[in-house]
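# A closer look at the structure
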Amino acid sequence: MKIGSTLQRLRDSFINSAGTVVFGMEDGTVSIFGLIFGVAATTTSTKTVLIAGASGAAAAAVSMMAGAYLDAETTQDKSDATALAKGNPDISLSSRLIGAGLTPQQSNALAAAVQGDRNAADGLLLALKGAANERLNPFEQAFWMLFADFLAAAVPILPFVFLPIDRARIVSGTVTVALLAGLGIGRAQLGRRNVVRTVVETVLMGIGAALAGVAIGVLINHSLV
């Protein structure tokens, strides 16, 4: 019973954090892909590539974890502050609309449109309350970001653990591009975007990172000779 409950809670947490997971995997893949290929283009030492990749992956994952925690905590605090403002009768309708995300111009226009009509103003306030957004747990968001970022970062690194560096470069590039394509599909489903366009964008970001890493690595390598 406890195992089933724990698994259900983990599943719900994963679903609620799907956006964070996709973002973390994309960041881990793209950043480490660029780092790995920048180093691998200038050395034949597998050990050097692995040290650079593992160090970069760990540092990036922890950094993104902290960012996810602070972002969720800030969003939570902002939501609480907005809720307090909505419950304060001294706060003007225009200010409440701004707190809901409208621009000052939009807020003033809506407030003016319902001015003098109590029923319209009450209806607008009721619409503002809407359905409560799911509160994101900062610890859960941080955990999933750390997990996703580090897991994805391992993909371009692992071929260098098991293969000679020449073959590892090819395999790493192939599996990383495949992962980026999968992430593009995930992004498209979450954002209800065009699948082909989103996949192409995601893959091109990874390739761009790899090319940038190679260019910087080669430039520094030649300049220090």
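Positions within a chain are numbered from 1, following the residues in the order the chain's sequence is written. Side-chain atom pairs in this predicted model are given and counted only at pLDDT of 80 or more, local residue features only at pLDDT of at least 70, and totals for whole chains, interfaces and linings cover all residues. Water and hydrogen atoms were dropped before computing side-chain values, which therefore reflect all heavy atoms in the structure.

Predicted coordinates in regions of low pLDDT should not be interpreted in detail. pLDDT runs from 0 to 100 and stands for how confident the predictor is about each residue. Averaged over every residue, the pLDDT of the protein is 79; the share at 70 or more is 80%. Per-residue pLDDT, averaged within each element of the protein, yields its smallest value for helix H6 (residues 118–129) (67) and its largest for helix H8 (residues 159–162) (91). To qualify as a helix, a DSSP run of H or I must reach at least 4 residues; to qualify as a strand, a run of E must reach at least 2; elements of each kind are numbered from the N terminus.

Without a salt bridge and with relative accessible area above 30%, a residue can belong to a patch; like charges are then joined within 9 Å and nonpolar side chains (Val, Leu, Ile, Met, Phe, Trp, Tyr) within 5 Å. Accessible surface is estimated by sampling points in the Shrake-Rupley manner with a 1.4 Å probe; for residues, cover comes only from the protein chains shown. Salt bridge, as used here, is a side-chain nitrogen of Lys or Arg placed within 4 Å of a carboxyl oxygen of Asp or Glu. Judged by side-chain polarity, Ile3, Leu7, Leu10, Phe143, Phe147 and Leu151 come together as a nonpolar surface patch covering roughly 620 Å² of accessible area. Of all the secondary-structure elements, those providing two or more residues to the nonpolar patch are helix H1 (2–16) and helix H7 (138–157).

Let's shift gears to the packing of H7 against helix H9 (residues 165–191). Two elements in contact, H7 and H9, have axes separated by 7 Å at closest approach and are oriented at 150°. Seen from H7, the contacting residues are Ala152, Val155 and Pro156; seen from H9, they are Ser172, Val175, Thr176 and Leu179. Each residue is assigned to one class: nonpolar for Ala, Val, Leu, Ile, Met, Phe, Trp, Tyr, Cys and Pro, charged for Asp, Glu, Lys and Arg, and polar for all the others, Gly among them. Its residues assigned to classes, the contact of H7 with H9 shows 5 nonpolar, 2 polar and no charged. Axis definition: a line fitted to C-alpha atoms, over the contacting stretch in the case of helices. Angles run 0 to 180 degrees between N-to-C directions. When checking whether two residues touch, look at their non-hydrogen atoms; a contact exists if any pair is within 4.5 Å.

Let us now look at the nonpolar core. Among the buried residues, those of types Ala, Val, Leu, Ile, Met, Phe, Trp, Tyr and Cys that are joined through side-chain atoms within 4.5 Å form a nonpolar core. Working definition: with a 1.4 Å probe on protein chains only, accessible area under 20% of the residue-type maximum means buried, over 50% means exposed, and in between means partly exposed. Judged by nonpolar contacts, the single largest core of 14 residues is most densely connected at Ile32, Ile36, Phe37, Val49, Ala57, Ile157 and Phe160. Mapped onto this core, the elements with two or more residues apiece are helix H2 (18–40), helix H3 (46–86), H7 and H9. The biggest single contributor to this core is H2, with 6 residues. Ignoring sequence-local partners within four residues, the contact set of Ile32 consists of Gly53, Gly56, Ala57, Ala153, Pro156 and Ile157. Core analysis: the second largest hydrophobic core is formed by 12 residues, Val21, Ala148, Leu180 and Val199 among them.

A separate point is the pattern of salt bridges. Applying the stated rule across the entire model yields 4 salt bridges. With a closest N to O distance of 3.8 Å, Glu26 and Arg187 form a salt bridge. In this pair, Glu26 is assigned in helix H2 and Arg187 in helix H9, connecting sequence segments 161 residues apart. Residue classification places Glu26 among the buried positions, given a relative accessible area of 12%. Across the pair Arg197 and Glu201 runs a salt bridge, and its minimum N-O distance is 3.2 Å. Linking Arg197 with Glu201, this pair stays in helix H10 (residues 195–223), spanning 4 residues, or about one helical turn. Given the relative accessible area of 27%, Glu201 is considered partly exposed. It is possible to trace a salt-bridge network through shared partners that takes in Arg193, Arg197 and Glu201.

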